[in-house]
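# Examination of the molecular architecture
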Amino acid sequence: MTQFTISLLAAALALTSAVQAQCGSGSPHATVTGSGSSFKATRGSSQVYSGSDYRAAIQAALDSVSSGQRVAVMASGSIGANTITISSGKIFEGCGTINVANRAGRGAIESTDTSDVQIPYLTMTGSPYFGLRFSGTRNLNLGQITMNLSGGLGIRFDRDRAANSNVKMDVIRVTGAGSHAVETWNIDGLTVNQVIARNVGECGLLLQKTTNARVGLVDGDNVAAGTGYATLRMANNNGQLASGSYSTNVYIDKVVSRGGGRGVFCVSQSGGAVINSVDLANNGNNAILIENCYNLSIKGGTVQGGGEVRLAARSEFPNNKDIWVTLTVNGNTVRESPCGDNTNWTISGNAKKTIC
Ligand SMILES: *[C@@H]1O[C@H](CO)[C@@H](O)[C@H](O)[C@H]1NC(C)=O
Ligand SMILES: *[C@@H]1O[C@H](CO)[C@@H](O)[C@H](O)[C@H]1NC(C)=O
Ligand SMILES: *[C@@H]1O[C@H](CO)[C@@H](O)[C@H](O)[C@H]1NC(C)=O
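Numbers given to residues run from 1 along each chain, matching the order in which its sequence is written. In the order they appear in the text, chains get letters beginning with A and ligands get numbers beginning with 1. Confidence filtering applies because this is a predicted model: local features only for residues at pLDDT of at least 70, side-chain atom pairs given and counted only at 80 or more, and all residues used for totals across whole chains, interfaces and linings. Remark: hydrogens and water are excluded; side-chain values derive from all non-hydrogen atoms of the structure.

### With respect to the pairing of strand β15 (residues 205–223)
Only strands joined by at least two bridges in the DSSP assignment are considered to pair. In DSSP terms, a helix is any run of H or I states spanning at least four residues, a strand is any run of E spanning at least two, and both are numbered starting from the N terminus. Direction of pairing for strand β14 (residues 182–200) relative to β15: parallel, over a ladder of 15 bridges. Bridge pairing in β15 links Gln194 to Leu217. Sheet topology places β15 next to strand β16 (residues 230–235); four bridges connect them, and they run parallel. Residue pairing across strands places Gln208 opposite Ala235, the latter belonging to β16. Of the pairings in the sheet, the one linking β15 to strand β17 (residues 250–258) comprises eight bridges and is parallel in character. Residue pairing across strands places Ala213 opposite Val250, the latter belonging to β17.

See below:
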């Protein structure tokens, strides 16, 4: 083949995949269409809902398909303080904008005790209690999720319910959450491409009791301002394996944080983690705080200004152990107090250091 033919072929292939990769493209098994106070849910050639209730239309579409089938919500509308439930094997595409309200303790969209649920696309606005709420899932796959919120918490995996395994997230963008953008509990096997958090009240990504995790980028701007939360926080035994060990099983490629509260925070017996690089600037609280954390390595990157880079310990848990930090720190200070057990600092830049 000539070079020209090859590049034409490549262009054609790229076009094909771009077309396929659109919300609602192809032939979804069910769709929700309409606007204002008139919505229809259609499965194949049969109408499964017609009326003014956007939520009921979406739920009727979901309930009309079986495992492995796809629902595309083309219409925009408001579900109010209600919950949409996705059962096992269903593929949910939110192509319109789904506006939601706060239903105490509940998710605007929930999937619990399910396997193989996919949400390849979702755009949500409003102020939910939890935008998406999960527990007891297996092989959950979230794609391009955009939440432009005016309060509430973006994506939550429950603390006190069944654990999850093999969760994937592609690109999660959360703006304006009052609490966390993404909060996990009880996941074994998590892959995240990107979490992008803007003007979020608490954490960008909060990992708790989550093991065997791989995260590409966590990027926060004005996240956790005025609080002790962080763009990336690992807490409550995050990264501790079932055996009790902290051998490395949480891999974070990059954390970017500007302003807000803390940048990176590892606390309450978490660890078993490697962060390849950080790019933190002007954080309003500690750029980095490592407190009762075990086997954590930050392998490189920069801290510019912001609150102190600090190793600390509370007396309720064993002291920091096996913390390795390689970093360029400017316009800030680095403090280790109390001395950790087997800390290894490689700090360059003009930071004043008070380390052991
Ligand atoms: C969400 O916010 C982004 C960034 O501000 C904006 O580009 C997008 O249009 C918004 N989408 C909706 C549905 O509000
Ligand atoms: C820290 O993790 C590394 C990589 O898995 C492992 O080799 C090492 O034994 C761990 N150290 C401790 C003290 O758990
Ligand atoms: C401390 O970390 C540096 C950089 O990773 C490494 O080269 C060095 O060997 C470590 N020191 C000890 C005592 O392990």
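From this point, the discussion proceeds with the structure in view.
### Overview of the domain arrangement of the protein chain
Domain start and end points were adopted from an automatic or database domain assignment. The domain boundaries assigned to the protein chain delineate domain 1 (1–17 + 34–159) and domain 2 (191–205 + 215–235 + 248–356). The centre of domain 1, based on its C-alpha atoms, is set 34 Å off from the matching centre of domain 2.

### Overview of helix α2 (residues 54–64)
Per-residue accessibility, obtained with a 1.4 Å probe over protein chains only, is compared with the maximum for each type, and a residue is labelled buried under 20%, exposed over 50%, and partly exposed between these values. The buried count for α2 comes to nine of eleven residues, which makes it a mostly enclosed element. For α2, the set of buried residues is Tyr54, Ala56, Ala57, Ile58, Gln59, Ala60, Ala61, Leu62 and Ser64. Under the rule applied, a polar contact is a pair of N or O atoms within 3.5 Å (in protein, one hydrogen donor and one hydrogen acceptor; residues adjacent in sequence only if both atoms are side-chain atoms). Measuring from the side-chain oxygen of the N-cap residue of α2 to the backbone nitrogen of Arg55 gives 3.0 Å; that N-cap residue is Asp53.

### A few points about the site of ligand 1
Think of it this way: one heavy atom of a residue within 4 Å of a molecule or strand is enough to make that residue near it. In the neighbourhood of ligand 1, the contacting residues comprise Thr97, Thr123, Thr125 and Asn148. One nitrogen or oxygen atom from the side chain of Asn148 is found 2.3 Å from an oxygen atom belonging to ligand 1.

### Observations regarding the state of the cysteines
Criterion for a disulfide: a pair of cysteine sulfur atoms at a distance within 2.5 Å. Following the criterion strictly, the structure yields three disulfides and no others. Covalently, Cys23 is tied to Cys95 through a disulfide, its sulfur atoms 2.1 Å apart. The S-S bond linking Cys23 to Cys95 shows a torsion near -85 degrees; that makes this disulfide left-handed. One end of the pair, Cys23, is in the loop between α1 (3–20) and β1 (30–35); the other, Cys95, is in strand β7 (residues 91–100), and 72 residues separate them in sequence. Overall, Cys23 belongs to the partly exposed group, its relative accessible area being 22%. Between the sulfur atoms of Cys339 and its disulfide partner Cys356 the distance amounts to 2.1 Å. Taking the torsion about the S-S bond as the criterion, the Cys339 to Cys356 disulfide, at about -90 degrees, is left-handed. One end of the pair, Cys339, is in the loop between β23 (333–336) and β24 (341–348); the other, Cys356, is in the segment after β25 (352–354), with 17 residues separating them in the sequence. For Cys339, a relative accessible area of 43% translates into the label partly exposed. Given the relative accessible area of 53%, Cys356 is considered exposed. Not part of a disulfide, Cys203 finds its nearest cysteine sulfur in Cys266, a span of 12 Å.

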